[in-house]
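Inside the fold
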Amino acid sequence: MATKQSHRWWIPLLGWLVACLLFFPIFWMFITSFKTEVAAVATPPQLFFRPTLENYVAVQTRASYFTFAWNSVVISLGATILSLLLAIPAAYAMSFFPTKRTKGTLLWMLSTKMLPAVGVLVPIYILARETGLLDTRIGLIIIYTLINLPIVVWMIYSFFKEVPKEILEADRMDGASTYQELVHVLLPLALPGIFSTALLSIILSWNEAFWSLNLTTFDAAPLTAFIASFSSPQGLFWAKLSAASSMAIAPILIFGWVSQRQLVRGLTFGAVK
């Protein structure tokens with residue numbers, strides 16, 4: 001046993017190498033945000049330089065970061081809450097009252113994620129304009145909910161399937177209603193999975209850029225639009241763009257780091273019985 005473990009020393013090393021490769025773009029963006037524009041495009045790249053905060057000052061002077069950040073928070077949380085309100089009853093029905101069409105419906109829902117977003121841009125833009133939802137938080141919440149709903153339903157469905165049916169049958173024999181069965185029995189048992197699904201939905205909504213750039217201008221623009229505003233016809237100002245990107249991803253990185261334990265616990269819910 002000791003010999004086998006000693007031969008697997010390369011597995012942790014490989015994990016660290018992959019992690020460093022994935023983290024390197026974020027690290028480089030972060031240090032670029034403290035360079036001058038000249039140093040940011042210097043060849044070869046400068047690893048040692050005199051740091052400056054002028055890019056962060058320029059970014060905050062040009063646009064109100066907190067306005068965009070607040071829009072991102074409201075839209076991400078709103079889309080996640082609405083997705084859960086729709087997905088939990090749907091996953092409950094499909095898990096414990098399946099029909100011949102249940103699997104086909106689930107596959108159809110998942111297939112909608114394969115549709116290119118640009119293919120439905122024009123009709124959705126027209127609908128948003130005609131209903132007064134263009135450049136509004138409500139409009140983006142609805143769009144993000146529709147985008148994330150297939151994944152949310154699939155994940156909650158898989159978590160509900162891990163719950164033994166005998167527990168629910170016992171509650172029904174005790175006279176529990178459907179509401180009591182769902183709220184007081186099923187949801188507490190599947191809470192880790194639902195929590196991880198909510199975290200994933202928040203992250204997906206926070207990172208969504210295509211619809212925010214096409215359906216908003218300023219009033220409801222989230223941080224993805226805030227980043228894009230630093231690309232101009234005069235060219236890309238890499239240092240300022242890096243500062244804006246660092247400010248945009250910092251909240252979700254901190255949030256992901258703090259909640260990683262709950263996320264992993266939820267994603268592995270039911271894996272070991």
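Reading guide: rules and limits
- Residues numbered from 1 in each chain as written.
- Predicted model: local features only at pLDDT ≥ 70, side-chain atom pairs only at ≥ 80, totals over all residues.
- Heavy atoms only, no water.
- pLDDT = per-residue confidence, 0-100.
- Helix = DSSP H or I, 4+ residues; strand = E, 2+ residues; numbered from the N terminus.
- Buried < 20%, exposed > 50% of the residue type's maximum accessible area, 1.4 Å probe, protein only.
- Lys, Arg positive; Asp, Glu negative; His and termini not counted.
- Salt bridge = Lys/Arg side-chain N within 4 Å of Asp/Glu carboxyl O.
- Contact = heavy atoms within 4.5 Å.
- Axes fitted to C-alpha atoms, helices over the stretch in contact; angles between N-to-C directions.
- Parallel < 35°, antiparallel > 145°, perpendicular 65-115°, else oblique.
- Left-handed = near helix turned anticlockwise from the far one by under 90°.
- Nonpolar A, V, L, I, M, F, W, Y, C, P; charged D, E, K, R; others polar.
- Patch = residues over 30% accessible without salt bridge, like charges linked within 9 Å, V, L, I, M, F, W, Y side chains within 5 Å.
- Areas by Shrake-Rupley, 256 points an atom, 1.4 Å probe, with all protein chains shown as cover.
- Core = buried A, V, L, I, M, F, W, Y, C linked by side-chain atoms within 4.5 Å.
- UniProt positions renumbered as here; feature names shortened; annotations may be inferred.

Considering the confidence of the model for the chain
Atom-level detail of predicted coordinates should not be read off regions where pLDDT is low. Looking at the chain as a whole, the pLDDT averages 84, with 92% of positions reaching at least 70. No element of the chain has a lower mean pLDDT than helix H1 (residues 2–6), which averages 55, and none a higher one than helix H7 (residues 121–130), which averages 93.

As for the side chain of Lys35
Here Lys35 lies in the loop between helix H2 (10–32) and helix H3 (37–40). Although Lys35 is buried, it forms no salt bridge, and the closest oppositely charged side chain is Glu37 at an N-O distance of 11 Å. Those residues within four positions of Lys35 in sequence are excluded, and the remaining contacts are Trp28, Ala40, Gln46, Phe49, Thr52, Asn55 and Ala239.

Here's the deal with the packing of helix H5 (residues 65–96) against helix H11 (residues 191–207)
With their axes 9 Å apart at the nearest point, H5 and H11 run at an angle of 135 degrees to one another. With respect to H11, the element H5 is oriented oblique. H11 is crossed by H5, and the crossing has right-handed handedness. Contacts from Ala69, Ser72, Val73, Ser76, Leu77, Ala79, Thr80, Ser83, Leu84 and Ile88 in H5 reach Ile194, Ala198, Ser201, Ile202, Ser205 and Trp206 in H11. Of the residues in the contact of H5 with H11, the class split is 10 nonpolar, six polar and no charged.

Some remarks on the packing of helix H10 (residues 178–189) against H11
Interhelical geometry of H10 versus H11 gives an angle of 70 degrees and a closest axis separation of 5 Å. Taken together, H10 and H11 sit at an angle that is classed as roughly perpendicular. Contacts from Leu187, Pro188 and Leu189 of H10 reach H11 at Leu191, Pro192 and Ile194. Residue composition of the contact of H10 with H11, by class: six nonpolar, no polar and no charged.

A look at a nonpolar patch on the surface
On the surface, Trp9, Trp10, Ile11, Leu13, Leu14, Leu17, Val18 and Leu22 cluster together into a nonpolar patch covering about 850 Å² of accessible area. Inspection of the secondary structure puts Leu14 in helix H2.

Looking at the nonpolar core
With 23 residues, the main nonpolar core has Leu84, Ile88, Val153, Ile156, Phe160 and Leu186 as its most contacted residues. Those elements that provide at least two residues to this core are H5, helix H6 (102–111), helix H8 (137–161), H10 and H11. Here this core gets seven residues from one element, more than from any other, and that element is H5. Other than its neighbours up to four places away in sequence, Leu84 contacts Pro89, Val152, Ile156, Ile194 and Ala198. Core analysis: the next-biggest nonpolar cluster, separate from the first, contains 20 residues, Ile202, Phe226, Leu241 and Ala244 among them.

Points about the UniProt feature "transmembrane region" (unreviewed entry) in the chain
Here the UniProt feature "transmembrane region" (unreviewed entry) sits at residues 9–31, 68–94, 106–126, 138–160, 181–204 and 237–258. This span, residues 138–160, is 100% helix and 0% strand, and a straight line between its end C-alpha atoms measures 30 Å. Taken end to end, residues 237–258 has its terminal C-alpha atoms 32 Å apart, with 95% of it in helix and 0% in strand.

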